[in-house]
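Summary of structural features
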Amino acid sequence: MSAIKPSAARVLLRNWRGSYTVPAGGLYPHQWSWDSAFIAVGLRHLSPRRAQLELDTILSAQWEDGRLPQIVFHSGRDDGYSPGASFWHSEQIPGAAPVATAGLIQPPTHALAALLVHEADPAESQRRRFLERAYPRLVRWHDYLRNRRGGRGGLARIVHPWESGMDNSPFWDACLQAMTETYTALIPRPDLLHADADHRPSDGEYGKYLYFAARYRDHGCDDADESFPFQFEDPAFNGLWARSELALATIATLVAADPLPHRLEACRITEALETLWSTERGCYVARDILSGTLQQYRTVAGLVPLLLPGIRHTRELLDLVRGPHFRLGEVAMVPSHDLTAVTFDPSRYWRGPSWFNTAWLIAEALYERGFTTEAEQLSRGMENAALEHDFPEYLDPHSFAPRGTTRFSWTAALALDASTRIGAPR
Amino acid sequence: MTNAITLQEHHLPGSSLEEKFDVALAWGFDGIELRSRGDFHFASRLPELRRARDAGVIMPTACVEMSHFIGAFDAELREDAITQLASQLSVMAELGGVGVMTPGSYGMFSRRLPPFEPPRSPESDHRILVDALGRLGEHAEREGVELFLEPLNRYEDYLVNTLSGAAALIVEIGSPAVLIVADTYHMNIEEADPAGALLEVAPHIGHLQASDSNRLEPGAGHLDWALFGATVAAIGYKRSIAIESRLSGEAATVLPTVPPLLRRYL
């Protein structure tokens, strides 16, 4: 048994809420979409059945248009997180899920997670018809991305920094700095009761975040607001979409459906990702669709396409992650932003700190491409930091100091998964 | 080293504990959980038990098998239950065992069945349990063994139904020799989140009993044994896990399926 399993299990068992796992006990009291997918990847080592339920639950909150919402407010409580159910009023939006949810989405990691959960115990998965249940919902989710979020370039667009999962990435700086609108109502910040304000987005950023969210909501979350001021193509979001299409192809085979459309879709998205390649930075970057400009920052999001076997710039990405900008093996895990950039901040959320979910994605990519020594080193780094600091949300890349909250669910889940599969001696 | 898996003795064929132990080993178990009857019957088995111990039979725990318990409404029966348990704890001490388990009561009263209101006040219930557990805790401490308090489901007892209820009593008593035996069947009825409940009282868990959602042997119901195994690891429980179940078929057919199922996850 992996040495981390009992400790990781304690975090995940404590953060379980009957049919889903909260990201952390205090700071995040609801079910988050991509958190759930990452959490299921770890839960499968504790209970394949519980991991299936985690995904069943997020899939059960699917809207009629196929979207999987960013947050599901199962508890009916609306006092622990802002913006909550009373901000979104999803019950007033036609086609929304029966349970209260946010209207935005998060990166499509779910098919990837569903396949891994199935593989943890194929017999139990088959007995419970897990994939038969998940597959059509996952197909509709990806259809939503293509039909409602797809643009001429073939990539899905995000309409809010939160949809990237990397809320305050420097990718969004120019857009946010240029905008004059802000949310005018009171901005509640219950998050600051649980985390250091220096490590969280600022009030100014939050006002702009809420402006975008309110405008999207007030347009019925219909993705038809053509002048919507925040529209980006993000390399991690689309890289994960392509990767999940590959997973969906495998799932299709397992449920006797046709895998070919998913393989073709993965190829199409992978090819379209090339439009986000920055020769200047030597990595994939985000594009502001409205201005047409690439956002010239090296971030961990730009490394995520390493997960795609068909990507054209593998060698450049490997050089980048090993070089002075990300210093793989020399700093904590993989920094969220270029260590040499003036915009780098070792403590502030997605502007520098190293996160466990992106470390897991890069470890997966390295492992699959045969760089097993580096993958194992990264996996051990995740395990050691998780155990030493009580499963922190993220780390200062230089000092390895924990930041954000602790007993963070995906930290426990992914450190457990990495140590079990990648870091385990073979 | 994973947990030892033991089987209660009445399921095992054989004319002696040594023979029963051989069968237990052949079926994949690691040892036997004894059944300790009243009227000093358990103490009367000492020659048999000593011989088995000397022959290498593993029998770390005893599950009380009586018609009255420490929470009985009748004062004489309560006192007798305490006397019998004290004797049984001494027997286990002599055998080098771990401990003996008891519920507050069993089959005496349920708040879910008529007449719904027990003939004793909650305050008296509490005082009686604290007194009995405190005295037995002192005895167990002196003997170097442990008493395990078992929460039963609401249809079988009304005194102690949940792990948190048992833990509160144990904290109040303050004896390190009184711990909880958690039974997966009862937890499945009483705990909204059995894994979370076990985690909450982890320092007080002294013994585990496993049976499935329908009280049959593990694997015959719908409990999540993977989750059970992960929870056992999460609470750091290293001791034996006893199978206290009804059986879904012939013992020799169904019981050998249990150790491989549990070991898959432990």
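Just so we're clear, the structure is a prediction, and the values are computed from it rather than from any experiment. (Residues numbered from 1 in each chain as written. Chains lettered and ligands numbered in written order. Predicted model: local features only at pLDDT ≥ 70, side-chain atom pairs only at ≥ 80, totals over all residues.)

Before going further, it helps to spend a moment on the overall build of chain A. A tally of regular secondary structure across chain A gives 15 helices and 11 strands. In summary, chain A has a C-alpha radius of gyration of 20 Å against a globular reference of 22 Å for 426 residues, a match within 12%. In terms of overall dimensions, chain A has C-alpha extents of about 55 × 50 × 45 Å along its principal axes. Taken over 426 residues, chain A has a buried fraction of 57%. Contacts in chain A between residues far apart in sequence, at least 24 positions, make up 70% of those at least 6 positions apart. (Helix = DSSP H or I, 4+ residues; strand = E, 2+ residues; numbered from the N terminus. Rg over C-alpha atoms; globule rule 2.2 N^0.38 Å. Buried ≥ 20, exposed ≤ 12 C-beta atoms within 10 Å, placed from the backbone. Contact = placed C-beta atoms within 7 Å.)

Listed as interface residues are 12 residues of chain B and, on the opposing side, 14 residues of chain A. For the side of chain B that touches chain A, the secondary structure elements donating two or more residues are α8 (194–200) and α9 (225–234) of chain B. The element contributing the most residues to the side of chain B that touches chain A is α9(B), with 6 residues. Classifying every residue of the side of chain B that touches chain A by side-chain character gives 7 nonpolar, 3 polar and 2 charged. (Nonpolar A, V, L, I, M, F, W, Y, C, P; charged D, E, K, R; others polar.)

Attention now goes to unusual backbone geometry. Negative phi characterises most residues that are not glycine, and trans characterises most peptide bonds. Residue Pro115(B) is bonded to the preceding Pro114(B) through a cis peptide linkage, with omega at 10°. Positionally, Pro115(B) belongs in the loop between β4 (99–103) and α5 (122–143). At Met333(A), a position not held by glycine, the phi torsion is positive, near 45°. Here Met333(A) lies in the loop between α12 (314–322) and β9 (354–355). On the basis of neighbour counts, which here come to 27 C-beta atoms within 10 Å, the residue Met333(A) falls in the buried class. Phi is positive for Asp390(A), close to 60°, though the residue is something other than glycine. Here Asp390(A) is to be found in the loop between α14 (372–388) and β10 (394–395).

Our focus in this paragraph is the nonpolar core. Core analysis: the largest hydrophobic core is formed by 212 residues, its most contacted members being Ile362(A), Leu149(B) and Ile180(B). Setting aside residues no more than four positions away along its own chain, Ile180(B) makes contact with Phe148(B), Leu149(B), Leu163(B), Ala166(B), Ala167(B), Ile170(B), Val201(B), His204(B), Ile205(B) and Gly206(B). (Core = buried A, V, L, I, M, F, W, Y, C linked by C-beta atoms within 7 Å.)

Whether parallel or antiparallel, the strands of a sheet pair through hydrogen bonds between backbone atoms. Residues and elements named next belong to chain B. Read around the barrel, 8 strands follow the order β1-β2-β3-β4-β5-β6-β7-β8 and close on themselves; strand pairing throughout is parallel. Between one strand and the next, the sheet's axes are offset by a mean angle of 30°, whatever the strand orientation. Bridge analysis of strand β6 (residues 178–183) against strand β7 (residues 205–210) gives 4 bridges, and the strand direction is parallel. Bridging across to β7, Ile180 finds its partner in Ile205. Lying over the sheet, helix α1 (residues 17–26) contacts β1 (5–8) and β2 (31–37), oriented at roughly 140° with respect to β2. (Pairing = 2+ DSSP bridges. Axes fitted to C-alpha atoms, helices over the stretch in contact; angles between N-to-C directions.)

The feature "domain: Xylose isomerase-like TIM barrel" (unreviewed entry), as given by UniProt, occupies residues 21–246 of chain B in the numbering adopted here. Between the C-alpha atoms that bound residues 21–246 of chain B there is a distance of 19 Å. The span itself is 43% helix and 16% strand. (UniProt positions renumbered as here; feature names shortened; annotations may be inferred.)

Moving on to the confidence of the model for chain B. Predicted confidence across chain B gives a mean pLDDT of 98, with 100% of residues reaching 70 or more. We note a pTM of 0.95 for the whole complex and an ipTM of 0.92 for its interfaces. (pLDDT = per-residue confidence, 0-100.)

As a further point, take the environment of Leu85(B). All names here are of chain B. Inspection of the secondary structure puts Leu85 in helix α4 (residues 75–95). On the basis of neighbour count, Leu85 is assigned to the buried category, with 28 C-beta atoms found within 10 Å. With 54 residues separating them in the primary sequence, Leu85 and His139 have C-alpha atoms 9.7 Å apart. Leaving out residues up to four positions away in the same chain, Leu85 has contacts with Val64, Ile70, Val100, Thr102, Leu136 and Leu147.

What follows concerns the pairing of β6(B). If a strand is regular, its side chains alternate between the two faces of the sheet. Residues and elements named next belong to chain B. In terms of residue burial, β6 counts as a mostly covered element, since 6 of its 6 residues are buried. Looking at chain direction, strand β5 (residues 146–150) and β6 are connected through 3 bridges and run parallel. What sits directly across from Phe148, in β6, is Leu179. At this point the chain moves from β5, through helix α6 (residues 163–173), to the parallel β6, and the crossover so formed is right-handed. (Right-handed = clockwise from strand over helix to strand, strands pointing away.)

This next bit is on the sheet that holds β10(A). What the 3 strands build is an open sheet, ordered β9-β10-β11 (chain A); its pairing is antiparallel. Every other strand in the sheet has two partners, leaving β9 and β11 (402–403) of chain A as the edge strands with one partner each.

The next thing to look at is α1(B). All names here are of chain B. Considered for burial, the residues of α1 that qualify are Leu17, Lys20, Phe21 and Ala24. Along the long axis of α1, the arc covered by the buried residues comes to 100°, so they all point the same way. Check the buried side of α1 and you find it contacts β1, β2 and α3 (46–54). Directly beyond the C-terminal end of α1, a positive phi value near 100° is found at Gly28. (Arc of directions from axis to C-beta.)

Take the packing of helix α7 (residues 130–148) of chain A against helix α10 (residues 235–254) of chain A next. Residue and element names in this part refer to chain A. Between α7 and α10, whose axes approach to 10 Å, the crossing angle comes to 145°. Relative to α10, α7 is oriented so that their crossing is left-handed. Two secondary-structure elements touch here, α7 through Leu131, Tyr135, Leu138, Val139, His142 and Leu145 and α10 through Trp241, Glu245, Leu248, Ile251, Ala252 and Leu254. Tallied by class, the residues present in the contact of α7 with α10 amount to 10 nonpolar, 1 polar and 1 charged. (Left-handed = near helix turned anticlockwise from the far one by under 90°.)

Residues and elements named next belong to chain B. Within β4, 5 of the 5 residues are buried, which leaves the element mostly enclosed by the surrounding structure. Burial of the side chains of β4 extends over both faces: Gly99, Met101 and Pro103 are buried on one face and Val100 and Thr102 on the other. In this sheet, β4 lies alongside strand β3 (residues 61–65) in parallel orientation, the contact comprising 3 bridges. When the sheet's bridge partners are listed, Thr61 is paired in β4 with Gly99. As a crossover connection, the stretch from β3 through α4 into β4 is right-handed. Looking at chain direction, β4 and β5 are connected through 5 bridges and run parallel. Bridge pairing in β5 places Thr102 opposite Leu149. Following the backbone out of β4, through α5 and into the adjacent parallel β5, one traces a crossover that is right-handed.

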